[in-house]
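# Observations on chain architecture
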Amino acid sequence: MAEHYDVVIVGSGAGGGTLAHTLAPSGKRILLLERGNFLPREMDNWDPRSVFVDGKYISPDTWYDSTGRPFQPQVHYFVGGATKMYGAALYRLRPQDFGELKHADGISPAWPLSYDDFEPWYSKAEHLYQVHGNAGEDPTEGHRSRPYPWPAVSHEPRIQQISDDLAKSGYHPFHAPCGILLDEADQPRSTCIRCSWCDGYPCLVHAKSDAEVIAVRPLLGRPNVTVVTGAEVTTLETDSSGRTITGVVVSRDGDREVYRGDIVAISAGAANSAKLLLNSASHTHPHGLANGSDQVGRNYMFHNSKAVMALSKEKNDTVYQKTLAINDFYFGAPDYQWPIGNIQMIGKSNAEAIRGEKPTLTTLSPEWTLSDVAEHAVDFWLTTEDVPVPENRVTTDSDGNVHLAYQVTNNVEADRLYGELKKILNHAGMAEHHLLRKNFYLDMSIPIAGCAHQAGTCRFGADPATSVLDVNCKAHELDNLYVVDTSFFPSIGAVNPALTAMANAIRVGEHLLDRMA
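This text gives an overview of the structure that appears in the document. (Residues numbered from 1 in each chain as written. Predicted model: local features only at pLDDT ≥ 70, side-chain atom pairs only at ≥ 80, totals over all residues. Heavy atoms only, no water.)

As a further point, take unusual backbone geometry. For D294, which is not a glycine, the phi torsion comes out positive at approximately 60°. Counting through the fold element by element, D294 comes out in the loop between helix 6 (270-278) and strand 14 (301-302). Judged by relative accessible area, which is 35%, D294 ranks as partly exposed. Positioned with a positive phi, C473 is a non-glycine residue whose angle comes to about 70°. As for its position among the elements, C473 is in the loop between strand 22 (454-455) and strand 23 (481-483). (Helix = DSSP H or I, 4+ residues; strand = E, 2+ residues; numbered from the N terminus. Buried < 20%, exposed > 50% of the residue type's maximum accessible area, 1.4 Å probe, protein only.)

As structure tokens, then:
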């Protein structure tokens, strides 16, 4: 007979790992299932060729687009989930993001909770994940009940110069919120060494605030917490009524295992959580588990993003570059009615990582080597909101494989944001004609392969006819099933979604503690 737990959690990333961390002090018996293993600590963690060229840490999964064409998604299966490779940019959604926003390509719908409802859990998540930031610099930010737990990461000289130039030109640059274990006041004792490998790389010294380091590792050895790796959950079984999950079916080392729990919480990522529910169809749930509304898998979102490299007139010797952001255009621009998004800095370019751009770069500046280009590069990430579209969806075939139908939205807004960046560069010592797309950030076979910011597919809401989950992220149609990753998002905003997933996991965890009490 399968061992029984109070809570079974599927996935150990921003949602699942944080949920486990929230529940663990209760003493309840918790099982954390992770399909991957612990990411190995090795020199390849900080090798741009291994990470960006060889894709060493990308999963071998095969998904299919709407035409049936196979592609390899940029997903990562490790303890800590996608946070092992994220850039630790931990932004709150803006207050207006929780309400309805009109975009060029449609409506970004209102959430069933407001920013005020969500704010206490944002504060708890920032403290748990040790976010560094300065409140009050960004005019679009919401109120906060607690200050950031750590001061903002300081700008290095070239970035400080850019920030000063932008401020003099009337913009509102601010210190980007960073989740790194850095103590600038006591550098010899700091876990973080402020290296250049904090965006798209695993952290060799465990100094990034990822879900493994912050949420899961502190639980190892607790008598009430069991972590099982290499455990891919394939289906969920229910009782005859279809209201209660009675078995969590796992494929592990080629064997079938079944685990049982009073409560089951899924946090496998927007695509894979939808896959699991759809593949768990039964006579009581013929179209997939919790899918009476036909909303499971729908409204898949994946930020309309650009990675951009600007060539500065002077050298940029910055090491940790991710300290600056601008939200002046988040809700629009002069003489423009639509929201257009967020501009932030990303990890510093290096010659090895941009080797794939060589034909373009040599056309632009044939006398420059790749090292020259990297030394003069200033790197930006542009994010425009992707509106939810029912036809942008995850489905599965008879073999259980993911099929992802997706069309990008808000290209006109993204183009305008790119145009605003060009204007900004003119105030910061960079020429707009020396601006290049960094394709190696999205270098897989089709754009939807780069799915780091995936969201939607199991939206929460008050109406079971139009949503999958209730306001506590419990499935409307089941009594003991919760979804705690970014699947629950009704909209995605235009900032990185990780902190919102973490905050929500704490919120749902506290609800579960009340329920189990």
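This paragraph deals with the packing of aromatic side chains. Given two aromatic rings, one states the distance between the centres and the angle between the planes to describe the pair. Enumeration according to the criterion identifies 20 aromatic pairs in this entry. Measuring from centroid to centroid gives 6.1 Å for Y171 and F329, while their planes differ by 65°, and the two rings are edge-to-face. Here Y171 is found in the loop between helix 4 (157-168) and strand 8 (173-175), whereas its partner F329 is found in the loop between strand 16 (324-326) and strand 17 (342-345), with 158 residues between them in sequence. Look at F488 and F489: their rings are 4.9 Å apart centre to centre, the planes differ by 75°, and that puts the pair in the edge-to-face class. Neither F488 nor F489 differs from the other in exposure class; each is buried. Three or more aromatic residues joined by ring pairs form one cluster here, namely F98, W111, Y115, F118, Y122, F460, F488 and F489. Directly above the aromatic system of Y148 lies the positively charged group of R144, at a separation of 4.0 Å from the ring centroid. Above the plane of the ring of Y418 lies K306, whose end atom (NZ or CZ) is 5.8 Å from the centre. (Phe/Tyr/Trp six-rings, centres within 6.5 Å; stacked < 30°, edge-to-face > 60°. Lys NZ or Arg CZ within 6 Å of the ring centre and 35° of its normal.)

Along helix 6, 9 of the 9 residues are buried, which leaves the element largely enclosed by surrounding structure. Along helix 6, the residues that are buried comprise A270, A271, N272, S273, A274, K275, L276, L277 and L278.

Moving on, we get to helix 1 (residues 16-23). For helix 1, a buried count of 7 out of 8 residues is recorded, marking the element as mostly surrounded by other parts of the structure. The set of residues buried in helix 1 consists of G16, G17, T18, L19, A20, T22 and L23. The inward-facing, buried residues of helix 1 contact strand 1 (4-10), strand 2 (30-33), helix 3 (115-128), helix 5 (211-216), strand 13 (255-266) and helix 10 (498-516). (Contact = heavy atoms within 4.5 Å.)

Next up on the list: the sheet that holds strand 3 (residues 63-65). Hydrogen bonds along the backbone pair up the strands of a sheet, which may run parallel or antiparallel. Judged by pairing direction, the sheet is mixed, and its 4 strands sit side by side in the order 4-3-20-19 without closing on themselves. The strands lining the two open edges of the sheet, one partner per strand, are strand 4 (70-71) and strand 19 (393-396). Looking at chain direction, strand 3 and strand 20 (residues 402-405) are connected through 2 bridges and run parallel. Note that in strand 20 the partner of Y64 across the bridge is H403. Relative to the sheet, helix 6 contacts strand 3, strand 19 and strand 20, its axis offset from that of strand 19 by approximately 40°. (Pairing = 2+ DSSP bridges. Axes fitted to C-alpha atoms, helices over the stretch in contact; angles between N-to-C directions.)

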